[in-house]
Amino acid sequence: MDRQALRERLLRIVGPDGVIDDPDELLVYEYDASDEVFAGHHRPEVTVLPRTAEQVQEIVKLANGFGIPVTPRGAGTGLAGAALAVRGGILLVMTRMNRVLEINERDGYAIVEPGVINLELSQLTQPRGYFFAPDPASQRACTIGGNVANNSGGPHCLKYGVTSNHILGLEVVLPSGERIWTGGPAPESPGVDLTGVLVGSEGTLGIVTKVMVRLTRLPEAVNVLLAAFPDLESASQATSAIIAAGILPAALEMMDQLTIKAVEAAFHAGYPEDAGAVLLIELDGLAEIVAESAERVAELCRQCGATEVRVARTPRERELLWLGRKSAFGAMGRLSPNYYLVDTTVPRTKLPPTMRTVEELSREYRLRIANVFHAGDGNLHPLILFDRLVPGEIERVLRCTTDILQYCVDVGGTLSGEHGIGLEKRDYMTLIFTTDDLCAMAGLKRSFDPRELFNPDKVFPSGFSCGEVNALRQQALAQRLGIEFV
Amino acid sequence: MVAPHSVAALQEIVAVASQAGLATVPWGGGTQMGLGNLPRAFDLALDLRKLNAIVQYEPDDLTVAVQAGCTLGGLSAKLGAHGQMLPVDCPTPDRTTIGGLVATGLSGPRRYGYGALRDLLIGISVVLPSGQLSRGGGMVVKNVSGYDMMRLHYAALGSLGVIVQLNFKVIPKPRSERTVVAAYRRLADAAEGALRIRFSQLVPTAIVLLDGRAARVVGLNLQGWVAALRCEGPPVAVQRQADRIGEVVRPAAERLDVLEGGASERLWAEISGAIAAAPLDRAIRVRIGQNPSELPQLAEEIDRACTGLAAERSRWLDIGSGLCYTALASEREADLRLAWERLARLGLHATLLSAPPAVKVDTDVFGREPAGLAVMRALKETFDPTGILNPGRFVGWL
């Protein structure tokens, strides 16, 4: 490839302040929020920062012509390494495309550019009575485009659903260079649901240049309860009891003792430090329903062994209770120089045995594990604490992670609930999917991106290829049927 | 017609059909076989009703895995025993299969409160034309492992694979319901009230406006325009909410009724029945998508577009979701065709849900060409390279 020619063409598209290829300046783009120990660092050939959809389209056409890969990236807060330019090429950083283009209150949607920060959108729409429901822990920094790529979750998706449920349409640049709008404010637009397919595809199928998001009306009433339990087991049982009672909280979060201690030391959120586990339960909706549900939830918690149930009555009290939860990952620095966050989902009723297994694995591998997670939808986040300078610890962390994932899969769970597969978990994909499953997904990828230009080497296991598999299958079928293929 | 008893048998049949180039039509309860374009060819009907097992039901997890041929009625009975439900509007639950619901992607007014089935779908198994079994998602409510294969097949009309199993998150059944029914002389007044509710913090599960004829079709003997707003949940909350809705919509109304329990449920069964009615001999049904706030204007545009073309005309405005359903009847097929051609240009998108075959000749019932048709074509070529599944029936005659 003629690097100089590429550089000049890029400069012509985005101007001198949009092209970064100085090795020192590129350093920061070699990483994202995934742990370098596990995901490595990968230098793009060039980082490009477009300002408009037209520029993105030009860049993609250019990359197509040169046959070089393009890796899209938002704020780089992803934990699975999906925003790393594994094969070099162009790293397309979308953060300058950060305008809110339209807020339609009457019909409840907004059109934003992908670089808009998640929390800023909700802050902007709140005075008008709306919010954007997906609220990942990184919402102060992460972008809507990144949320779309990862189908991000967050505490409130228990009631409101994940990002996919809140995306009405997308303007997207396809690997072919074509720029199209999918979906729209009215549902059931004819044809394949390309919007649904693109959300969560981790930038491997298209690069999003505008997002039409559903805005959710702020609830009339909100109630937050904090329930302290002697151990994780009883807290897990309370979680199941609440869901089984037909109550759908807006959020239902759990923290274990290690997390409570770290959070208290760092932020003084007022959590009971002697508790073995706490549940943070938010109820929202119509005033009448919230009041009735709050009483029922408190009662269920006590029945399951809660030693204390507190109700936050003012917005300030609510905020303080949430502060501890939202800052939990940050507080881990108090406990350990490094931590590795495992994101996995199990069926809700499997939470108690899963927590026991995590505890056993913690002992077996001599690694401390803190637990802070979305209990309501069975999405756990064991945080494995370690010190990368201690010889052998990294290997133990990896073995422990594999064992946790394997256990979760064995009880009917999955590899990732909300962080994505990216680079980090792609080799685990064969734990839950057969070769045929993966081939069908590869078919989807190929239909969008036959030359594998967009975010290569992500999602699929390393070295995965469907060609051989298909040839073998055809042979077998031909033998069985006694026919020949032409 | 073949009716396989097992997924393995189905895989074999599909692989053979693929090799032999047989145009294959997956078939459930057969209630929506008229949906889509006229097929290019039809050799083999694949009756999926024997694949009707409820594979796994975990009431405490609120998840269920069910084979495609299971009827909605069969599934609902099982879920209902545990106080749960799959919240989908369907007039023929004892015939309609779960696979059919997902393949057609038809939704009703309750979509506003509960989302469409696509929002509740957490896993899928599909037999591809190669005979391969392809699965996506799983049995957990939050999952980002791999591509969203559920969305790929949802509403793709069985054109990319034969759906054999679907996993859903299910919803606790509301303990009570009420519907506020308000009649107005003018559409503008009806719409004003309905939109104010949609814009408020109240949480009805369905909001529909019906014109006079549509109201009579569903058994409401009222003139002008009728607003129907459905509340579901715990009894006290339902009562309070219905009261509060009444306060908002009452002032301009000629008349206001509140239907409780069974009466409310029956009205909505009638409404979803009318929206998804079986094709009539001399009638067409059209679905048009539009911003909720612009639906009243759309209703008037429909009126103008059909002047002189249809003897009978009824309109249902799903204000909650942003969809308008129109039924037109006429003795003259040429008039129906002309009406469709005009309606196809209105709103954000339009679909001819049902029509006599003559009306469907040489027109794409999915209306204007969707953006991304090239990708859809590439998907069709990849997943169904020999074009055996429902050939020609889907959007763009794929």
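It should be emphasised that the depicted structure is a prediction, and the values quoted were computed from it without experimental measurement. (Residues numbered from 1 in each chain as written. Chains lettered and ligands numbered in written order. Predicted model: local features only at pLDDT ≥ 70, side-chain atom pairs only at ≥ 80, totals over all residues.)

Q: Please clarify how the domain arrangement of chain A should be interpreted in this entry.
A: How large an interface is tends to be reported as the accessible area lost when its parts come together. All names here are of chain A. The assigned domain composition of chain A is domain 1 (3-93), domain 2 (100-217) and domain 3 (221-410). Here domain 1 and domain 2 have C-alpha centroids that lie 22 Å from each other. Each side of the interface is counted separately: domain 1 has 14 residues, and domain 2 has 20 residues. Here the element with the most residues in the side of domain 1 that touches domain 2 is helix H4 (residues 53-66); it accounts for six residues. In terms of residue class, the side of domain 1 that touches domain 2 is made up of seven nonpolar, six polar and one charged. (Domains from an automatic or database assignment. Contact = placed C-beta atoms within 7 Å. Helix = DSSP H or I, 4+ residues; strand = E, 2+ residues; numbered from the N terminus. Nonpolar A, V, L, I, M, F, W, Y, C, P; charged D, E, K, R; others polar.)

Q: What should I look at first to understand the sheet that holds strand S4 (residues 63-67) of chain B in this one?
A: Each strand in a sheet pairs with another by means of backbone hydrogen bonds, the pair being arranged parallel or else antiparallel. All names here are of chain B. Taken in spatial order, the five strands make up an open sheet running S3-S4-S8-S6-S7, and their pairing is antiparallel. Only two strands of the sheet have a single neighbouring strand rather than two, namely strand S3 (54-58) and strand S7 (133-137). Within this sheet the neighbouring strands show an average axis-to-axis angle of 10 degrees, counted without direction. With five bridges connecting them, S4 and strand S8 (residues 162-169) associate as antiparallel partners. By the bridge assignment for S8, Thr 63 is matched with Lys 169. Of the strands in this sheet, strand S6 (121-127), S7 and S8 touch helix H1 (residues 7-20), which is tilted by about 140 degrees from S8. (Pairing = 2+ DSSP bridges. Axes fitted to C-alpha atoms, helices over the stretch in contact; angles between N-to-C directions.)

Q: When you look at the sheet that holds strand S4 (residues 90-93) of chain A in this model, what are you seeing that I'm missing?
A: All names here are of chain A. Here four strands make up an open sheet; going across it, the order is S1-S2-S4-S3 and the pairing mixed. The open sheet is flanked by strand S1 (19-20) and strand S3 (70-73), the only strands paired with a single partner. Judged from the four bridges that link them, S3 and S4 form a sheet pairing that is parallel. Note on S4: the bridge partner recorded for Val 70 is Ile 90. H4 contacts strand S2 (46-48), S3 and S4 of the sheet and is inclined by roughly 170 degrees relative to S4.

Q: In this structure, what is going on with the nonpolar core? I would like to understand it.
A: Across soluble globular proteins, you tend to see nonpolar side chains buried next to one another. Counting 283 residues, the largest nonpolar core has Val213(A), Ala227(A), Val278(A), Leu279(A) and Leu209(B) as its most contacted members. Tallying contributions element by element places helix H16 (residues 435-448) of chain A first for this core, with seven residues. (Core = buried A, V, L, I, M, F, W, Y, C linked by C-beta atoms within 7 Å. Buried ≥ 20, exposed ≤ 12 C-beta atoms within 10 Å, placed from the backbone.)

Q: Could you clarify how one ought to interpret the interface of chain B and chain A in this entry?
A: Counting from both sides, the interface comprises 75 residues of chain B and, opposite them, 78 residues of chain A. Elements that contribute at least two residues to the side of chain B that touches chain A include exactly H1, helix H5 (117-120), S7, helix H6 (149-153), helix H9 (235-249), strand S17 (349-354) and helix H14 (373-383) of chain B. Sorting elements by how many residues they give to the side of chain B that touches chain A places H14(B) first, with seven residues. Class assignment for the residues of the side of chain B that touches chain A results in 35 nonpolar, 29 polar and eleven charged.

Q: Could you clarify how one ought to interpret H16(A) in this entry?
A: An α-helical turn contains 3.6 residues, so any two residues separated by three or four positions project in the same direction. Residue and element names in this part refer to chain A. Across its 14 residues, H16 extends 20 Å between first and last C-alpha, which sits within 8% of the 20 Å expected from 1.5 Å per residue. Burial within H16 is extensive, with eleven of its 14 residues counted as buried. Every buried residue belonging to H16 is among Asp 437, Leu 438, Cys 439, Ala 440, Met 441, Ala 442, Gly 443, Leu 444, Lys 445, Ser 447 and Phe 448, and all of these are buried. (Expected span 1.5 Å × (residues − 1).)

Q: Any chance you could explain the pairing of S6(B) here in plain terms?
A: Two faces make up the sheet, and in a regular strand the side chains alternate between them. Residues and elements named next belong to chain B. Within S6, seven of the seven residues are buried, leaving the element largely enclosed by the surrounding structure. Here S6 runs beside S8; their pairing, made up of six bridges, is antiparallel. Within S8, the position partnered with Val 126 by the bridge is Ile 163.

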